[in-house]
Number of protein chains: 8
Amino acid sequence: MNSESIRKLFEQVRAGKISPDEAVQRLRHLPFEDLGFAKVDHHRALRVGMPEVIFGQGKTPAQLAQIFSRLAKHDGNLLATRASQEQFAAVKKKVRGAEYHELARAIVLQRDKKEYGKGIIAVISAGTSDIPVAEEAVVTAEIMGNEVEHLYDVGVAGIHRLLANRETLTRARVVIVCAGMEGALPSVVGGLVGVPVIAVPTSVGYGASFKGVAALLGMMNSCASNVSVVNIDNGFGAGYVAALINRL
Amino acid sequence: MNSESIRKLFEQVRAGKISPDEAVQRLRHLPFEDLGFAKVDHHRALRVGMPEVIFGQGKTPAQLAQIFSRLAKHDGNLLATRASQEQFAAVKKKVRGAEYHELARAIVLQRDKKEYGKGIIAVISAGTSDIPVAEEAVVTAEIMGNEVEHLYDVGVAGIHRLLANRETLTRARVVIVCAGMEGALPSVVGGLVGVPVIAVPTSVGYGASFKGVAALLGMMNSCASNVSVVNIDNGFGAGYVAALINRL
Amino acid sequence: MNSESIRKLFEQVRAGKISPDEAVQRLRHLPFEDLGFAKVDHHRALRVGMPEVIFGQGKTPAQLAQIFSRLAKHDGNLLATRASQEQFAAVKKKVRGAEYHELARAIVLQRDKKEYGKGIIAVISAGTSDIPVAEEAVVTAEIMGNEVEHLYDVGVAGIHRLLANRETLTRARVVIVCAGMEGALPSVVGGLVGVPVIAVPTSVGYGASFKGVAALLGMMNSCASNVSVVNIDNGFGAGYVAALINRL
Amino acid sequence: MNSESIRKLFEQVRAGKISPDEAVQRLRHLPFEDLGFAKVDHHRALRVGMPEVIFGQGKTPAQLAQIFSRLAKHDGNLLATRASQEQFAAVKKKVRGAEYHELARAIVLQRDKKEYGKGIIAVISAGTSDIPVAEEAVVTAEIMGNEVEHLYDVGVAGIHRLLANRETLTRARVVIVCAGMEGALPSVVGGLVGVPVIAVPTSVGYGASFKGVAALLGMMNSCASNVSVVNIDNGFGAGYVAALINRL
Amino acid sequence: MNSESIRKLFEQVRAGKISPDEAVQRLRHLPFEDLGFAKVDHHRALRVGMPEVIFGQGKTPAQLAQIFSRLAKHDGNLLATRASQEQFAAVKKKVRGAEYHELARAIVLQRDKKEYGKGIIAVISAGTSDIPVAEEAVVTAEIMGNEVEHLYDVGVAGIHRLLANRETLTRARVVIVCAGMEGALPSVVGGLVGVPVIAVPTSVGYGASFKGVAALLGMMNSCASNVSVVNIDNGFGAGYVAALINRL
Amino acid sequence: MNSESIRKLFEQVRAGKISPDEAVQRLRHLPFEDLGFAKVDHHRALRVGMPEVIFGQGKTPAQLAQIFSRLAKHDGNLLATRASQEQFAAVKKKVRGAEYHELARAIVLQRDKKEYGKGIIAVISAGTSDIPVAEEAVVTAEIMGNEVEHLYDVGVAGIHRLLANRETLTRARVVIVCAGMEGALPSVVGGLVGVPVIAVPTSVGYGASFKGVAALLGMMNSCASNVSVVNIDNGFGAGYVAALINRL
Amino acid sequence: MNSESIRKLFEQVRAGKISPDEAVQRLRHLPFEDLGFAKVDHHRALRVGMPEVIFGQGKTPAQLAQIFSRLAKHDGNLLATRASQEQFAAVKKKVRGAEYHELARAIVLQRDKKEYGKGIIAVISAGTSDIPVAEEAVVTAEIMGNEVEHLYDVGVAGIHRLLANRETLTRARVVIVCAGMEGALPSVVGGLVGVPVIAVPTSVGYGASFKGVAALLGMMNSCASNVSVVNIDNGFGAGYVAALINRL
Amino acid sequence: MNSESIRKLFEQVRAGKISPDEAVQRLRHLPFEDLGFAKVDHHRALRVGMPEVIFGQGKTPAQLAQIFSRLAKHDGNLLATRASQEQFAAVKKKVRGAEYHELARAIVLQRDKKEYGKGIIAVISAGTSDIPVAEEAVVTAEIMGNEVEHLYDVGVAGIHRLLANRETLTRARVVIVCAGMEGALPSVVGGLVGVPVIAVPTSVGYGASFKGVAALLGMMNSCASNVSVVNIDNGFGAGYVAALINRL
C-alpha cells in the first residue's frame, strides 16, 4: 500500500479516468490468487526481491507438484524445502528444470542466476550429522544469489580444526553455524569473527539434548554478542537471513 | 593469529632480528591484562572494531567503576549495560564523561562519534513495557555509530498503528523488534519488510508468558523467513547484531 | 435435578400416587444406559440441546461403529471426530446416512438441519497445514446448525491477505482462528474485530514449536482482550463453543 | 479502513472537494495521539464499543494517573486493572469520579451505566483464594454493562455446594469459572450448563501447581466441550470475553 | 444426600407432616453457612469423620482468626496449616485452647483426643531441612488420633542410619517419607516394608532440584510398588491419607 | 535382617552349633538366585506377603517366558504387567495355568485364591479410554486377594453419572480413580468419600495433555485431602497400594 | 558392616566373652549420635577419609554454630558451604580456628594439612560472575589436601585467552570447569586435555539461561567424552569429586 | 600447538633450513584428513592416548564401514557405539578383526590389549533393562584397557541385594552406576564407597520418567558428594571418564 500508487489512484479519480467504485476495487485487488487450498502470492517475490519458497513437509507429492508448477509459471527462482525424493519425482514430471539436492532435502528451480550477495557466506557445521541442516542453508543462500563456502565437522571438542580454518571465517561477510548437542560452536565462532553470526540449533543428539532444545538454549545464551538464532533445524531461515544481510 | 603477522615473525627470526625464544614469547603475548578478577581484553575492540561492553548486573558499584575506569584509559567507546543509578554514581566519580541512560539502564562513554552505519536501524516495541529493552538496543546501536529511529507501542492487537508507520519500516536497513507476551510483532513486521529483522523477546507479561518464554518460542517459530532471535530482554545483543549488519 | 420435577415428585407422594420407595427410585433413575464399555448418555443432547459427539481416536472401527449405530437409534445429529477412513467404512455399513469429511477427519449424521445460529461464524487458518483443524471446527459448527464462512492461509507474515478480507471478519458474530508455529494470528484478528475470538493452537510446525506448545502459549498471552483458547488441534471444541455463542 | 469511508474519500476527490494530497493525508490520519511513552487510541473504544483499559502493573502511580486522566477527557468508561492503593491515590487526585475495588485491585470510572448485556453472567470461584481473580472478572463485566451473579468457594472436593447452587448456573447466559490448584471446576460446571464457559486458571496453590500451570493444563484438557480458557489470573480477559458474548 | 434421609423426607410428605414446598427447601438446606468470603462446611467433619482444616497461607491474621473461631464454636478438632506466629497470635486471642507447633507451622485445637488409629504411623525424613514438612505430617496424624513415631535425617547416602532403625519401620502400619533433592528415600523404605508408603517430595535442594520437582519425579517413578505420592511440601496431605489408612 | 533371627544365630554360635565362619556365611546368604540377566528374589513374596511381579514391557517373549516359568516353580501368585499377546503365547507354552487379561495387558498365574482384602476396592475410570489402566489395577488387586467393583466412564463433565453411583463409592474401603485429560475425577471422588483415594493419571488425551502430565499435575494439586498419586498409566501400582491398604 | 568385625563379634560370642543380647546391641550400635535435629555421623570421615561437610544454607547462625562446634570436638577438617558472614560470626565465637572464605562463602577449620592429592587440580571459570562457584571448588579441594591452580574469565567467546593458558591445563591431573550462560567451556577444555573434566553449570545468566538449566543441558550434551557434570552452582561437589580422583 | 615444536620451527627458520613461507604452512598442517563428509583426526588418539570412537547412530552401514575401515588403517583400538547388526555386517566385510557386542550395541577392534587401568572399575545397574547402557560402559572401559566387574539388577527397592555385594564395591577404584526410573541408586552407592561414582541416567521407565529426565534430575541432586553425571543412556561417556580416572 505504497503511498505513491495511492496518490496516483486519487489523481486518476480526480482526473475522472476511473470511478470511485473502480478505485475501491483496485485498492482491494491485492496480488494473490486462490488455489483453493493455498493462496499463492506471486508478488511477494517482487516485494521482498526473493524467490518463492514452499515448505514441503506434510504435503502430498501431488499437492507439492501442483503448487510448484503453478508458481513456476511466473518468473524468478523457486525453492521447496523439507522435500522427499517422492515429492521431487512428482515435481519433476511437471517442471523440467527442477533439481533435487539430496543432502539438503531441497527442490530448486533456479532461473535467475544473478549474483545478489556482496561477499562470501560461510556455512559451518559442528558435526557430520548437522550437515543436512547446513546444506539447506547452503542451497537457500545459493538460490538467492550468494557465494557460499562451507566448513564441516569442526566441533568445539577439537578446537584446533576450527582454528586451522580461521581464514575461511575471516573471508566471510556473514557466518552461519549449525550445531546440535551442546550448541557451543556459534559462541566460539562469534568470538573469532567481527561479522554477524546466524546460529542454527539442530536436533542432533540424544538424551538431554531434547531434540535440539539444549543447543537452542546454548545459542540463546551465547556469550558472543554477534550471535542471533533461528529455529531448530531451520537451515532455510538461516540461509535466508544471511542472504538478506549479504545483499546490503 | 593472523598469518601475515606470523610470517613477519618468522622473517624477523630468519633475519636474526629476534631470537626463537623471543618469537615464542611474542606469539604468546596475547593482548590482555589481569585485573585479578577479570581479564580485560583491550584489543578486542580493535579486533572486531567495536566498543568495550561491561555487563553491569551482579557487580558492585565499586567493581563496575573499577573496570569502567580501567577500560576508559584506552581509546574507543564504552558501554555498561544493566547498570543502576548507584553503579552510575560510582562510575561518574571516576570517569567524568560517562553518561547514564535511565530507561535503557546503560552507562555510556562515547568518545568516537563517527558514523559507522550505512543506513537507518529501526527499533520497534510492541508495548510501553517493552521500552526499556528497546532503549537498550537504541543506546547500543547509537554508541556503535548508527542512526536509529524508534516506533513504540505498535503491538499486533492494534495493527493499524503499525501500518500507519510503514514508512519508518521501509526506510530501515535493519529492524529490531522487541515484544513480550505472545511475541507476535516480529512476524508481522517481518512480512512487511525485505530486510533482516532481529527479534528480542521481553519478559513483559504474566501467567503463561513465563517471563519471556512464550515470546521467545513465538519468535523462534516465526512464519516470516527474515527473523532471527536473541535472548530474552537482550536489547544489547539486538543492537549489537543490527550495528554489525548496518556496517556492511 | 430440576427443582420443578422434584416438587412434582413430592406432590405425587403426598397425593399417594407413588410410594416413597418408588420416588427414591425415580430420583435415581438417571437417563443413561450401559453398553458395557461406555455409558452413553442419550439425554445429554436434550439437556444441552447439542448433538452427540464421539471421539474416534483410539477406538477400533468396530467399537466406533457400535457406539455410532447405537446412538443413531435416537434422534438428533451425530458427530465422530478424529475418525479414519477405516472407521468410517465400519460405520457406513451400519448407518446408511453417515457421511465422511476427509479433511476434517469427521463422520457426521445430520438429521436435524435446523438453523440454530443467529449469525455467521468465521473460521480462519494461518497456513494451509492448519486446514484440517479448521475444517473440524467448520464441520462441528455446521452440524450444530450454523452458517460458516472460512478464510484460509492468511498468516501474519502476509498481513495484507488478512486485511484484504476484513469484510468477512466484520460480518462474523464469532470468529475461530486456527494457527500453529508462533500462533500470532488470533491476536491480530482480535484487534480487528469486536466479537469473541476462539483461538485454536495447532501442532503445525517443527523444532521449538513443540507440537503446538509455542502456539498455545502465544494465544494464552494474547494482547487482544477478546481471545480465549482451546486445546491444541481442538477444532471440535472451538466449533462447539462458537456454536453455543452464536445461538445466544 | 472501512470501505464506505474510503469510497467517500474518492468521491470527494472526484468532486474536487479535497486534493489527492489531502486525501492521502486523511487516509493516514489514524485516530491516536502520542503521549511520548504510550500511544493512546481514543477511537478504539468506539470501534469495538468497549471501555478503555489500562494494565496498571509495572506503571508508577504518576504514569498511571497521567494515562488515566488523559483518557478520562474523552467519553466512555475507564478501567485500570492490577492497580494498587498507591496508584489509585494518584489517580483519585486527578480524576474525581474514579473508584477503587480493593479485592479486584481495579480502578474504575463508570460514566456510561447503560445495560449492554442481555442476560446474567455467572462468576464462580473454586476457593476463597481465587476471589481476587474472580472479582476482576466481575468488575470488568459490570463496567461493560452486565448483570453479574457470583458463587464463591464451591470447589470440586465439596461438589454438593456447587450442586446446591445449580439454579444460579441455570440462569446464566455465560459462565466464568476461576480455579487454581487442579483447575477441575470448569469441567464440572461445563457439564452442568449448556452455555459457554470461560475458564480462568489462577496462580493459587503451591508445589506442583507451578503458579497456575497445573490449573491451566487441566482447563485446556477439559472433557467438557463448552470450555475455553484465558491466561493465568486473567480475570479481566474472562470478564471481557463474557461481556462480548453476553452482548450478542 | 443419603437415600435414607431422602426416603424419610418422602415419608413425612406422604404422612402430611411437611408440605412438598418445605420438603424441597429441606433438600436444599445443605449444611453450610456463609461467612461472606468463605463457605464453611460444619458437617464435612461429620461426613468424613475428620477435623476441620484451614490452609493458613495467604490469609491475613484477622481472616484466619475469624474462620478459626467460627469453626471452634462447633465440636471436633481444628487444624490450621502453613500458619505463622502472627496468625497464631490473632487466633490465640479469640480461641484460648489453640496451640502452635512452630516447626510444623501449624495451629491446633484438639478437643477430641480419642485414639482413632489402629497402629503406629512412622514419619521419616531424609535430611534435617525436610523436618518442617515431616512435622506437619506428624501434627496432622496426631490431631486425627494416631500414635506417631519419627525417624529424621536418615537419607540414602548414609543408608546404615536407616538400616539401624529398621525396627521402627517394621512396627509401622503406614509409613510417611519426606525427602527433597533426589527424593530417593521412599524407594529404599518401600523395599524394606510391606505396608503402604506415602511419599512427600520437599522443596529442599538447589539448582536442578527445581524446588521439589526432581524429588517429585523420583517418587512418581519409584521402583517400589507400595509408594504413592502427594504434592511437594504437602506434609498435611500425607498425614491425612496415613490417618485414613490407619483407621481401617 | 530381623533381630530375632540374628539373635538366634548368635545363640547357635554360643552353643557351638555353628562356627563363626558359617554364621558369617549365613548372614550373607540372602535369598535370591542369579538367572544371569536378572536376580529373581523368591523370598520377596514371603517378606511382603505379595505375589511376584514382572514388568513385561521391553522384554522379548523368550525372556519373559523364562523368568515367568522360573518363578512359577515356587509357590504363590505371579503377575506379568504390560504384556503382549506374543509374550503370553510364549509364557503359555511353558506355564499351563497362565491366563491373559487382554484389556489389562496382564498375564496372571493365580494359585493362591485366598481373600486377603477386608473390604471392597472400587476402581473408577473417567472415560472409556482409561479402562486398560483401570483393568490393570483390577487384575492386580484381584490377584492379591481382593474383591473389586468397578465403575467406568463417569467423568466429571457428566457428574450425574458419578453421583448416581455413589453407593458403590460408599461401600468401598479404598478407591482407585483413573483419569486422563484434566485428571479432575479424583478430586471429586475424594470429596465424596471418607477413605483413601489412589489417583492414577493416564496418558489419555492429546495436545496439552502431554501424555498424562496435565492429569498428573491435576492430581498432585487435588483440593481433596485424601488423594495420593502414582505414576502415569501405573494401574499396577495403584492396585498394589490399594491391596496393601485393604489388608490392614 | 565389615565382615571382619562381624566375625570377631561371633568369635567373642563363641568364646563366651559377650552374650548374644549384647552382640545384637553392638551390631546396632552404629556410630552416630543424636543432636535432636540432626544425626551427626562422626565416623563418616573415617569411612571415606574425608572432612565433615555442613550445608549452611537455610540454617540459622545458631544452628550452624552448634553443629560446627560439635563436629569440631572430633579430629579432622571441617567445611561449611553456602555460609554467610552472620553464620561465620556465630561459628567464630565457638570455634577459634575457623576461617571464612568470602568469595567462596565457606567456613573452614583446617587441622589436617597433609597433602592427599597426587597432582594439580585446575579450576577454570568462564566469566567473572562464575568465580564464587569456582572458589567453592577451590576451597573444597584445598581442605581435602590438594594443590589447586585457577584460571578465571577465559570464556569461549575469547578462545585465545584459554589457548594462551594451555600449559596450566596440561599440568592438571583433573580439571574443574565452571560456566553459566551457554555452558560451552567444558566442551572446549575437554577437547584440549586428556584428563577427567568435572563440569559445573552456574546460575549465571538471564532470560533463557533459566538459572543454569541452559548451561546444565549444554554440559550434559558435551561432545567431549571426558566430561561429567554436577548440579548447578555445586562447586563443592566438583571439588569433592576432583579431590577423590586426585587421590587415586 | 606445543611450544616445544614451535620453538623448533623458529630455530629451523633461523638456521635457514626452512623458509618462513614453509614454516607458516607447517604451522597450519594440522593432523587430520578430509573424507569429504567427516574430518577424521588420526592424531587425536595420540594426543589423549585413547581409541578412536565413532557414534554409529544415524549413519548408514556404508558410511560407518567407510569411516571404520579408514581409521583401522592406523594403529590403536577402535570403538563404534550405538551400532546395529546391519552396520556391523558392513564393517565386518571391510575389517576382519572387528567384533560385535550385541547387548552393548558396540563394534570393537581391539589391537592394543595393554592394561592401562590401575584398579577395578565396577559397573552397576539398577534393573535388567538398564543392562544395555551398562554394557556400553563395560565395553568402553575394557577397550581402554581396564579390568571391569559388573553387578546388575541391584536396585534400591531391594537394598539387601546391593548390600550383599558390598565387597565388589569396596574393591573398585571407580564405580559406574546406571539407573532409570527414579535414578536413586548412585546416591546409595555413593554413600557406601569412598571413590568417584559416575552416574548414568537411563531412559528406562514410563510416564513421568520422561525418557530419563527423572533419573537425570535425581542424579544431579544426589545427596552423596562423590557423584558426577553424564548424559542419559551415555554408557560410553561413563566408561570413558572412568577409564581416564582409573589410569591416574
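Residues numbered from 1 in each chain as written. Chains lettered and ligands numbered in written order. Predicted model: local features only at pLDDT ≥ 70, side-chain atom pairs only at ≥ 80, totals over all residues. Heavy atoms only, no water.

Undergrad: Explain the side chain of H:Thr81 here, please?
TA: Inspection of the secondary structure assignment puts H:Thr81 in strand E4 (residues 78-81). Contacts of H:Thr81, omitting those with residues within four sequence positions, involve H:Val53, H:Ile54, H:Phe55, H:Gly56, H:Gln57, H:Arg105, H:Glu136 and H:Phe236. (Helix = DSSP H or I, 4+ residues; strand = E, 2+ residues; numbered from the N terminus. Contact = heavy atoms within 4.5 Å.)

Undergrad: Before we go on, may I ask you to explain the relation of the copies chain A and chain B in this structure?
TA: Between the two copies of this chain, the relationship is a rotation about some axis together with a displacement along it. Its rotation angle being 180°, the transformation that places chain A on chain B also includes 0.1 Å of axial translation and leaves an RMSD of 0.1 Å. This pairing of chains is accounted for by a two-fold axis. Among all residues of chain A, the one whose C-alpha sits closest to the rotation axis is A:Val229, at a distance of 2.5 Å. An overlap of 100% is found between the interface residues of chain A and their copies at the interface of chain B, pointing to a shared contact surface. (Least-squares fit on C-alpha atoms with pLDDT ≥ 70 in both.)

Undergrad: Sorry if this is basic, but what is going on with the packing of helix H6 (residues 131-143) of chain G against helix H11 (residues 235-247) of chain G here?
TA: The description of two helices packed together rests on the angle between their axes and the distance between the axes. Residues and elements named next belong to chain G. Packing of H6 against H11 leaves a shortest axis separation of 7 Å and a crossing angle of 35°. Handedness of the crossing formed by H6 with H11: right-handed. Residues Val 133, Glu 136, Ala 137, Thr 140 and Ala 141 of H6 touch H11, and the partners they reach there are Gly 235, Phe 236, Gly 239 and Tyr 240. Looking at the contact of H6 with H11 residue by residue, the class counts come to five nonpolar, three polar and one charged. (Axes fitted to C-alpha atoms, helices over the stretch in contact; angles between N-to-C directions. Left-handed = near helix turned anticlockwise from the far one by under 90°. Nonpolar A, V, L, I, M, F, W, Y, C, P; charged D, E, K, R; others polar.)

Undergrad: Is there a simple way to think about the sheet that holds strand E3 (residues 52-55) of chain F in this case?
TA: Strands belonging to one sheet form pairs held by backbone hydrogen bonds; the direction of such a pair is parallel or antiparallel. Residue and element names in this part refer to chain F. Spatially, four strands are ordered E3-E4-E6-E5 in an open sheet, and the strand pairing comes out mixed. Strand pairing shows two members of the sheet lacking a second neighbour, E3 and strand E5 (99-101), which therefore form its edges. Across the sheet, the mean angle from the axis of one strand to that of its neighbour is 20°, orientation sign disregarded. Where helix H6 (residues 131-143) meets the sheet, it contacts strand E4 (78-81), E5 and strand E6 (106-109), and its direction lies at approximately 170° from that of E4. (Pairing = 2+ DSSP bridges.)

Undergrad: I tried to follow the interface of chain E and chain H on my own but got confused; where do I start?
TA: How big an interface is tends to be expressed through the accessible area that disappears when the partners come together. Contacts between the two partners involve 23 residues from chain E, matched on the other side by 23 residues from chain H. Interface of chain E and chain H: buried area, both sides summed, is about 1,900 Å²; carbon and sulfur atoms make up 72% of it. Looking only at chain E, the three residues that lose the most surface to chain H are E:Ala157, E:Glu182 and E:Asn221, adding up to 31% of its buried area. Connecting chain E to chain H are zero salt bridges. Every element with two or more residues in the side of chain E that touches chain H is listed here: helix H7 (159-163), helix H9 (185-192) and helix H10 (213-220) of chain E. The class makeup of the residues in the side of chain E that touches chain H is 16 nonpolar, six polar and one charged. (Buried area = accessible area lost by both parts, 1.4 Å probe. Salt bridge = Lys/Arg side-chain N within 4 Å of Asp/Glu carboxyl O.)

Undergrad: I'm lost on the interface of chain A and chain B in this one. Help?
TA: If you look at the interface, chain A gives 30 residues, while chain B gives 30 residues. Both sides of the chain A and chain B interface together cover about 2,500 Å² of buried area, and 63% of this is carbon and sulfur. Contact with chain B buries surface across chain A, with A:Met220, A:Ser225 and A:Leu248 losing the most and accounting together for 25% of the total. Where chain A touches chain B, the interface holds zero salt bridges. Linking chain A with chain B are four residue pairs in polar contact (both at pLDDT 80 or more), by the criterion used here. Elements that contribute at least two residues to the side of chain A that touches chain B include exactly helix H3 (43-48), helix H8 (166-171), helix H9 (185-192), helix H10 (213-220), strand E11 (227-229) and helix H11 (235-247) of chain A. (Polar contact = N/O pair within 3.5 Å; in protein donor to acceptor, adjacent residues only side chain to side chain.)

Undergrad: In this structure, what is going on with the relation of the copies chain E and chain H? I would like to understand it.
TA: The two copies are related by a screw motion: chain E maps onto chain H through a turn of 180° and a shift of 0.1 Å along the axis, at an RMSD of 0.2 Å. A shared interface surface links the copies, since 100% of the contact residues of chain E are contact residues in chain H too.

Undergrad: What should I look at first to understand the sheet that holds strand E5 (residues 99-101) of chain A in this one?
TA: All names here are of chain A. As summarised here, the arrangement of the four strands in space is E3-E4-E6-E5, forming an open sheet in which the pairing is mixed. Strands at the two margins of the open sheet, each flanked by one partner only, are strand E3 (52-55) and E5. Taken over all neighbouring pairs, the strand axes of this sheet differ in orientation by 20° on average, direction set aside. Two elements, E5 and strand E6 (residues 106-109), share three bridges in a ladder whose sense is antiparallel.

Undergrad: Mind showing me how you'd approach the environment of C:Ile198 here?
TA: Residue and element names in this part refer to chain C. The topology assignment puts Ile 198 in strand E10 (residues 197-201). Residues Ile 198 and Asn 226, 28 residues apart in the sequence, show an inter-C-alpha distance of 8.5 Å. Each residue touching Ile 198, except ones within four places of it in the same chain, is listed here: Val 174, Val 175, Ile 176, Val 177, Ser 228, Val 230, Ala 238, Val 241 and Ile 245.

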